[in-house]
Amino acid sequence: MQDKLYLTSNSLTCIAEVLECYHSENERYAVRLDKTLFHPQGGGQPCDKGTLNGHEVLHVAQNRDGHVLHYLHVRLPLGPVELHVDRAHRLQHARLHTAGHMIGHLVERTGWQAIKAHHWRGESRVVFLNPKNALPPFLDDLSDRCAEQIQLAQPIGISFQEGRRQVTIGTLGQYPCGGTHVENTSELNGLKIIRIKNKKDELSVHYEMLD
C-alpha cells in the first residue's frame, strides 16, 4: 500500500522507491512510488509541483486504485528516487485551503451550511446553503472576524477518526479533508474577502491571499 506522507507530514523532501513507470498519454510517463510527499489534484486543490531526481513533475493525480501517480516527460528506472516538493507552490495552496476552512467555520456559525469549496489561486471560494433562514454576512464583518482568528494564531490539527482524516482549526471546529494546510492561522495574514454573493438560498464567499 502506498504511503501518502502529505497526509501526516509537512516535509518537502524524501527518498522513495519507484515501483512502476510506464508510458502514458501526451508523451508522458506515469510513475508510481512506494510513498509520496506530493499532494494530487483533487478536493478543491491543485496538485503539488516539484521534481523526482531533478526531473520536473508535470502533474500529480490519484488513479481509480487509490495510487498517487506522478507524470514526467522522462522514464525513470525502478529503484530509489529523490523527491522535492516546491515550497512556494505548496505554501500558496496550503494557505488558500486553510483560509477556506476558516471562512467555512465562521460563516457556519451564522446559520449557513458549507457544501463545497474551491482553493485555486484566482478562483478561491466557499459555497453555502441556507437551511435556517440565516441572513448573509456583511463583507466587512466577516473580514474582521477572519482578522481576529489570524491574530489569535489558532493551531491547525490533523487527526484520524474511523479512518477519516480530520483537520481542526483551534476552537472553530473540524472538517474531513485530504488537503494540505499551514500550521496556524497567523500564516493567513494577507487574506482578503473579495465579495459575497447571495443568490436564492446559496451563498458564495470569494477570497484571495495576498503575498
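**Student:** Quick question: what am I supposed to make of the sheet that holds strand S15 (residues 191–199) here?
**Tutor:** As a general point, the strands of a sheet are linked pairwise by backbone hydrogen bonds and lie either parallel or antiparallel. Taken in spatial order, the 4 strands make up an open sheet running S10-S11-S16-S15, and their pairing is antiparallel. In the strand order of this sheet, the two ends are held by strand S10 (113–118) and S15, each with one partner. The mean inter-strand angle of the sheet, taken between neighbouring strand axes irrespective of direction, is 20°. For S10 and strand S11 (residues 125–129), the ladder comprises 5 bridges, and the chain directions are antiparallel. Bridge pairing in S11 links Gln113 to Leu129. Packed onto the sheet, helix H1 (residues 87–108) meets S10, S11, S15 and strand S16 (202–209) and runs at close to 145° relative to S16. Along the sheet, helix H2 (residues 139–152) makes contact with S15 and S16, crossing S15 at roughly 140°.

**Student:** What is the right way to read the side chain of Lys4 from this model?
**Tutor:** For Lys4, the location among the structural elements is in strand S1 (residues 3–4). Among buried charged residues, Lys4 stands out as having no salt bridge; its nearest opposite-charge side chain is Asp3, 9.3 Å away. If we skip the residues at most four places from it in the chain, Lys4 touches Thr36, Gln62, Gly66 and Val68.

**Student:** How do you make sense of the packing of H1 against H2 when you look at a structure like this?
**Tutor:** Their axes nearest at 10 Å, the elements H1 and H2 cross at an angle of 120°. The angle between H1 and H2 places the two elements in the oblique class. In terms of crossing hand, the pair formed by H1 and H2 is right-handed. Contact residues: H1 offers Met102, Ile103, Leu106 and Val107, while H2 offers Leu142, Arg145, Cys146, Gln149 and Ile150. Here the contact of H1 with H2 is built from residues that sort into 7 nonpolar, 1 polar and 1 charged.

**Student:** Please explain the packing of aromatic side chains as it appears in this structure.
**Tutor:** Given two aromatic rings, one states the distance between the centres and the angle between the planes to describe the pair. Tallying each qualifying case throughout the model produces 0 aromatic pairs. Its end group placed over the ring of Tyr71, Arg28 keeps NZ or CZ at 4.7 Å from the ring centre.

**Student:** Would you mind going over the pattern of salt bridges with me for this structure?
**Tutor:** Where charged atoms of side chains with opposite charge meet at close range, the side chains can pair. On inspection of all chains with the given rule, the structure shows 3 salt bridges. Arg90 is the partner of Asp48 in a salt bridge, and the nearest nitrogen-oxygen pair spans 2.7 Å. Separated by 42 residues along the polypeptide, Asp48 in the loop between strand S4 (35–36) and strand S5 (50–52) and Arg90 in helix H1 bring together distant segments of the chain. Arg145 serves as the salt-bridge partner of Asp141, at 3.2 Å between the closest nitrogen and oxygen. Highlighted residues: Asp141 and Arg145, both in helix H2, separated by 4 residues, approximately one helical turn. For Asp141, a relative accessible area of 37% gives the class partly exposed. By relative accessible area, which is 18% here, Arg145 ends up buried.

Rules used in this analysis
Residues numbered from 1 in each chain as written. Predicted model: local features only at pLDDT ≥ 70, side-chain atom pairs only at ≥ 80, totals over all residues. Heavy atoms only, no water. Pairing = 2+ DSSP bridges. Helix = DSSP H or I, 4+ residues; strand = E, 2+ residues; numbered from the N terminus. Axes fitted to C-alpha atoms, helices over the stretch in contact; angles between N-to-C directions. Contact = heavy atoms within 4.5 Å. Buried < 20%, exposed > 50% of the residue type's maximum accessible area, 1.4 Å probe, protein only. Lys, Arg positive; Asp, Glu negative; His and termini not counted. Salt bridge = Lys/Arg side-chain N within 4 Å of Asp/Glu carboxyl O. Parallel < 35°, antiparallel > 145°, perpendicular 65-115°, else oblique. Left-handed = near helix turned anticlockwise from the far one by under 90°. Nonpolar A, V, L, I, M, F, W, Y, C, P; charged D, E, K, R; others polar. Phe/Tyr/Trp six-rings, centres within 6.5 Å; stacked < 30°, edge-to-face > 60°. Lys NZ or Arg CZ within 6 Å of the ring centre and 35° of its normal.

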